[in-house]
Amino acid sequence: MTVNRTSRVRTCAIALAAGALALTACSEGGGGSGGDRSAEPTMAAQGITLGTTADSTGPAPEVPGAKRGGTVQVLQRDAYEYLDPGQIYVSDELIMQTLYNRTLTSYRVDAKTGRTTLVGDLATDIGKASDGGRTWTYTLKEGLKFEDGTPITSKDVRHAVERLYAKFQTNGPTYLQQWLSGEGQTYRKALPDGPYGGDHLPASVLDTPDAKTIVFHFDQPRAEVPFAVAMPNIGAVPPAKDGKERYNKAPVSSGPYKIVDFKPGKGISFVRNEHWDPKTDATRHQYVDRFDVSFGHQWTDSTRRLLADKGADRTTMTWNNAVDPAQISTVLRDRGALARSLTRTQPYVDVMTINTSRVKDKKVREALAWAFPAGQYLQQYGGPKAGEIAGSLVGPTLKGYRPGFDPFQKRKFPGGNIDKARQLLKEAGAEGYSIVYAYGNDKPAQDASVVVERALEAAGFKVEKKELDRGTYYTQIGKVDNRYDLYRSSWSADWPSGSTVVPPVYGGKNVYDGSSNYSHLNAPAINKEIERIEQIPDVDRAATEWIGLGERVLTDEVPQIPVFYNRLFTLWGSGIGGVKFHEPYGAVDPTAVFVK
């Protein structure tokens, strides 16, 4: 696992047609003067523009008709496992943290056009590159404060980065740490205990020469740093308030809202942070007095309430609950409901992961892929309103994506090619092969499990089903020694580049507990190609090669089965305004919401 401008310090244009990604070099660098601009690598992506210093300057433009005050109820299916920005890496938590957590850069979404711009958030701009893109410098804005009124300094940003090296940090993105200190988990050796014993990364790696300046030094050009520092873990954490694991229950706010009344498994509330200064923030507003989020609302419940639009539900919304598949036709017939709905393509590719640590025979994995009923599975999640049948592991938002690539013919055989699967099992001498199939305990997943079981058994597999709690689902499937053979997972490019898909999801150096390599794939040929493409200085060419490697992963290794490219179809109450879609996170953006 998406805004505004004035002064032309830097302009990067989006150039290709829908589904494409343009990676271009700009003539001027990093939102300011100075530095080795002729050598600076930069990136502009489809739907995302690189912003200027002026774009990064607050306050955010007022939303027409917006009012201050009121409480918004938020209905969410899944409970939040993590509040610590260092540990956040799933869509519902990603969108939630935008209320209280600010990062060096962030995404500014224009509510009218949907255009998204990457801008400086804590930083004055998206970064200044020098030394051919090996060094990136960030300057903090004036007037930044935590929720207790303490000024935010470069030392707080350094602490936020260095704590990611500690052993208890297991779930968040690792791009910046790996670029600074080594691939896989080797980066942890640079600071085994994080900053907690008084040690720090050397200034030759991470430097804070004064209270406003942060400098990252890399051993090779890194064109995509401005996107990496928009991830939730590259923000500010006050060392005095960091209780390590305990920080997960009470992170300190740097955004327009702060956390109150967190009840694990039940709900959480956000109220105004009086020390947030809108003049420092180009992306967020503080219209609502309070957001009350409650967990455990299945799509059936949230859809029924939002469709009825009665009483307090008029000021109720959801950030990423979809319309219940069984109620889609009802919503489509209701003009009033459609007027307060959105349907947008998300950056997520839904796959069925095969545990290659347990299912070692490639022919058996191929049989699973041919048998899997992708179209029938998608139907349980809402059909075309929920997504499009996928043929590839890399989604259509990335440059080089080939719509016709579909090696297991998922579009031709939406119910699976049972005969082909049976033939492969016979060739493998694996007829009656036992599969432990794990799935979440939400209704669509439960309904889909029946479809999957039926198709796999028809192909000659024996299926043992294991239902997992949705709240800890990714933690359970993220264990290398998990006892499951087949389980759903979903992955989004963290920004529109295949570099954020292929290495983290299929790289052999990323096989460890909590990693996004859920299949545990460790294929020497694939690993070698990852290393080769990472050295390509032309990021435009590299983007295309990542797509090709993603296709090769599927055909040569079959670690996952493409299922569908996600769409979000969702509703909100008629008493709410300012709703917009956050494209990089694939969810409803709460940062401009107001009560009418």
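All of these numbers come straight from a predicted model, not from anything done at the bench.

**Details of the pairing of strand S4 (residues 116-120)**
Of all the five residues making up S4, five are buried; the element is thus mostly covered by neighbouring parts of the structure. In the sheet, strand S1 (residues 48-50) pairs with S4 via three bridges, with the strands oriented parallel. Bridging across to S4, Leu50 finds its partner in Leu118. Across five bridges, the pairing between strand S3 (residues 105-109) and S4 is antiparallel. When the sheet's bridge partners are listed, Tyr107 is paired in S4 with Leu118. The turn joining S3 and S4, which pair antiparallel and follow one another in sequence, is formed by six residues; a positive phi near 80° is taken by Gly114.

**Regarding the sheet that holds strand S5 (residues 128-130)**
Pairing is antiparallel in the open sheet, where four strands are placed in the order S5-S6-S8-S7. Among the strands making up the open sheet, the edge pair consists of S5 and strand S7 (206-210). Mean inter-strand twist for the sheet, computed between neighbouring axes without regard to direction, equals 25°. Bridge count between strand S6 (residues 135-139) and strand S8 (residues 213-217): five bridges; the pairing is antiparallel. Residue Trp136 lies in a different strand from S8, and its bridge partner there is Phe216.

**Re the environment of Ala587**
Within the secondary structure layout, Ala587 lies in strand S21 (residues 587-589). With 269 residues separating them in the primary sequence, Ala587 and Thr318 have C-alpha atoms 9.1 Å apart. Those residues in contact with Ala587 that sit more than four places away from it in its chain are Ile95, Trp319, Asn320, Leu568, Lys580, Phe581 and His582.

**Describing the pattern of salt bridges**
Scanning the entire structure with this criterion turns up 38 salt bridges. Where Asp78 meets Arg470, a salt bridge forms, and the shortest distance between an N and an O atom there is 3.3 Å. Of this pair, Asp78 sits in the loop between strand S2 (71-75) and helix H1 (91-96) while Arg470 is found in the loop between strand S16 (462-468) and helix H12 (473-477), placing the two residues 392 residues apart along the sequence. You can call Asp78 buried: its relative accessible area is 13%. Residue class for Arg470 comes out buried when judged on its relative accessible area of 18%. Across the salt bridge formed by Glu162 and Arg158, the nearest N and O atoms sit 3.9 Å from each other.

**Brief notes about empty space enclosed by the protein**
Here the second largest cavity is characterised by a volume of approximately 110 Å³. In terms of lining residues, the second largest cavity is bounded by 16 residues, among which Val349, Leu393, Trp491, Ser492 and Val501 are the most central. Those elements that place two or more of their residues in the lining of the second largest cavity are strand S13 (341-354), strand S17 (486-492) and helix H13 (502-506). Among the residues forming the lining of the second largest cavity, the class breakdown is 11 nonpolar, five polar and no charged.

**Comments concerning the environment of Ile152**
Looking at the element boundaries, Ile152 is found in the loop between S6 and helix H2 (154-162). Judged by its relative accessible area of 3%, Ile152 falls in the buried class. Each C-alpha atom of the pair Ile152 and Leu201 lies 20 Å from the other, and the pair is 49 residues apart in sequence. Those residues within four positions of Ile152 in sequence are excluded, and the remaining contacts are Leu122, Leu140, Leu144, Lys145, Phe146, Ala236 and Ser254.

**Quick word on H2**
Within H2, eight of the nine residues are buried, which leaves it mostly tucked inside the rest of the structure. Where H2 is concerned, the buried positions are Ser154, Asp156, Val157, Arg158, His159, Ala160, Val161 and Glu162.

**Quick look at the sheet that holds S3**
Spatial strand order, S1-S4-S3: three strands in an open sheet with mixed pairing. Edge positions in the open sheet fall to S1 and S3, since each of these has one partner strand only. Averaged over all neighbouring strand pairs, the angle between strand axes comes to 35°, with direction disregarded.

**Here's the deal with the confidence of the model for the protein**
Considering every residue of the protein, the mean pLDDT works out to 90; 92% of them sit at 70 or more. Across residues 1-46, confidence stays below pLDDT 50; counting only partners more than four residues off in sequence or on other chains, it has 143 contacts.

**Let's talk about the packing of aromatic side chains**
Where two aromatic rings form a pair, the distance of their centres and the angle of their planes describe that pair. As enumerated under the stated definition, the model contains 26 aromatic pairs in all. When the centroid spacing of 4.9 Å and the interplanar angle of 70° are considered together, the rings of Tyr80 and Phe295 count as edge-to-face. On the criterion of sequence distance, the pair formed by Tyr80 in the loop between S2 and H1 and Phe295 in the loop between strand S11 (290-294) and helix H5 (299-308) is long-range, its members being 215 residues apart. Of the residues examined, Tyr80 reaches a relative accessible area of 3% and is grouped as buried. According to the relative accessible area criterion, Phe295 is buried, its value standing at 8%. Between Tyr89 and Trp491, the ring centres sit 5.5 Å apart and the planes meet at 80°, which makes this aromatic pair edge-to-face. On the criterion of sequence distance, the pair formed by Tyr89 in the loop between S2 and H1 and Trp491 in strand S17 is long-range, its members being 402 residues apart. Its relative accessible area of 13% is what places Trp491 among the buried residues. Taken together, the ring pairs connect Tyr138, Tyr175, Trp179, Phe216, Phe218, Phe227 and Trp495 into an aromatic cluster. A cation over a ring is seen here: Lys385 above Phe569, with NZ or CZ 4.4 Å from the ring centre. In this structure, Arg470 is placed above the aromatic ring of Tyr473, and the distance from its NZ or CZ to the ring centre is 5.5 Å.

About the thresholds
Residues numbered from 1 in each chain as written. Predicted model: local features only at pLDDT ≥ 70, side-chain atom pairs only at ≥ 80, totals over all residues. Heavy atoms only, no water. Buried < 20%, exposed > 50% of the residue type's maximum accessible area, 1.4 Å probe, protein only. Helix = DSSP H or I, 4+ residues; strand = E, 2+ residues; numbered from the N terminus. Pairing = 2+ DSSP bridges. Axes fitted to C-alpha atoms, helices over the stretch in contact; angles between N-to-C directions. Contact = heavy atoms within 4.5 Å. Salt bridge = Lys/Arg side-chain N within 4 Å of Asp/Glu carboxyl O. 1 Å grid on protein atoms, 1.4 Å probe; cavity = no way out; pocket = protein on both sides within 12 Å on 5 of 7 lines; lining within 4 Å. Points joined across faces, edges and corners; volume = space filled by probe spheres on them. Nonpolar A, V, L, I, M, F, W, Y, C, P; charged D, E, K, R; others polar. pLDDT = per-residue confidence, 0-100. Phe/Tyr/Trp six-rings, centres within 6.5 Å; stacked < 30°, edge-to-face > 60°. Lys NZ or Arg CZ within 6 Å of the ring centre and 35° of its normal.

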